[in-house]
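# Examining the three-dimensional arrangement
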Amino acid sequence: KSWMGRQYRSVKQMILGGKDKDAPTPEQIELGRTVAGLRASVEVKPVGESNVGRLRMKGPSRRIAKTANVLLDTYLEHRAARHLKEAEQSYNTLHVQVKNAAAELEKLSEGRVKFSEEHNVSFDFQKESLEVIKLTELETMVSSTRATLASLEARLAAIEKQFVHEPSTET
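Now for a description of the structure that goes with this document. (Residues numbered from 1 in each chain as written. Predicted model: local features only at pLDDT ≥ 70, side-chain atom pairs only at ≥ 80, totals over all residues. Heavy atoms only, no water.)

Scanning the protein chain from N- to C-terminus turns up four helices and two strands. When the helices and strands of the protein chain are placed in sequence order, the string is α-α-β-β-α-α. Its C-alpha atoms give the protein chain a radius of gyration of 45 Å, more than 25% over the compact-globule value 16 Å for 171 residues. Each of the three principal axes of the protein chain carries a C-alpha extent, and together these read 145 × 60 × 25 Å. The buried share of the protein chain, reckoned over its 171 residues, is 4%. A separation threshold of at least 6 residues defines the contact pool for the protein chain, and within that pool the share at least 24 residues apart is 6%. (Helix = DSSP H or I, 4+ residues; strand = E, 2+ residues; numbered from the N terminus. Rg over C-alpha atoms; globule rule 2.2 N^0.38 Å. Buried < 20%, exposed > 50% of the residue type's maximum accessible area, 1.4 Å probe, protein only. Contact = heavy atoms within 4.5 Å.)

Residues Lys1, Arg6, Arg9, Lys12 and Arg33 make up a contiguous surface patch of positive charge. No other element matches helix α1 (residues 3-16), which puts three residues into the positive patch. On the basis of relative accessible area, arginine 9 is assigned to the partly exposed category, the value being 48%. (Patch = residues over 30% accessible without salt bridge, like charges linked within 9 Å, V, L, I, M, F, W, Y side chains within 5 Å. Areas by Shrake-Rupley, 256 points an atom, 1.4 Å probe, with all protein chains shown as cover. Salt bridge = Lys/Arg side-chain N within 4 Å of Asp/Glu carboxyl O. Lys, Arg positive; Asp, Glu negative; His and termini not counted. Charge placed at Lys NZ, Arg CZ, Asp CG, Glu CD.)

What follows concerns the pattern of salt bridges. A pair can form between side chains of opposite charge whenever their charged atoms are brought close. Scanning the entire structure with this criterion turns up three salt bridges. One salt bridge connects lysine 45 with glutamate 43, and the closest N-O pair in it is separated by 3.2 Å. On the basis of relative accessibility, which here comes to 47%, the residue lysine 45 falls in the partly exposed class. Here glutamate 43 ties to arginine 56 by a salt bridge, and the two come within 3.9 Å at their closest N and O atoms. Taken together, the residues glutamate 43 in strand β1 (residues 42-46) and arginine 56 in strand β2 (residues 53-57) connect sequence positions 13 residues apart. Among the residues examined, arginine 56 registers a relative accessible area of 48% and is labelled partly exposed. Residues participating in the shared-partner salt-bridge network are Glu43, Lys45 and Arg56.

A contiguous nonpolar surface patch, about 490 Å² in accessible area, is contributed by Val11, Met14, Ile15 and Leu16. Position of methionine 14 among the secondary structure elements: in helix α1. Of the residues examined, methionine 14 reaches a relative accessible area of 68% and is grouped as exposed.

With that settled, consider the environment of arginine 63. Mapped onto the secondary structure, arginine 63 falls in the loop between β2 and α3 (64-118). For arginine 63 and glycine 5, which are 58 residues apart along the polypeptide, the C-alpha to C-alpha distance reads 32 Å.

Now for the environment of histidine 119. With respect to the helices, strands and loops of the structure, histidine 119 is situated in the loop between α3 and α4 (125-165). A relative accessible area of 46% places histidine 119 in the partly exposed class. In this structure the C-alpha to C-alpha distance between histidine 119 and arginine 33, which are 86 residues apart in sequence, comes to 84 Å.

Turning our eyes to something else, we now look at the side chain of serine 41. Within the secondary structure, serine 41 sits in helix α2 (residues 26-41). A relative accessible area of 11% places serine 41 in the buried class.

Have a look at this one:
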């Protein structure tokens, strides 16, 4: 950037010829310096094992706070867009799976109806399963009642045994 450096470059260009076609432009060089400086001034540290991080920016003036806010706003916009895209992809994938499952369920239901018609089965399996549950409950109640009856009969037999050994009394 000094006078001597600029003169050296101009003499070098005169001797060696024009500029290199692949050489970066002064704007590209300045952009590279800016990005390198920005990279050196920005520090992001994750906090523990969470999704939260700590952003720290270093700069020569208080305008760095505006730069940090713009950086955070841009990050949040991109993050929201990424999450929205992921949610849409998940929804589309699940929507296809639900359609396939519904088609398969419909096919099975049609097969069940066809089976019922072919074999002259007029009852509904769901109704029959409810009746089986009720029958099981009734059988449980009957066996419980039988156990209670057997217990009462045993007590009656014990009382009758005691009654035989007791002397008869008259009032």
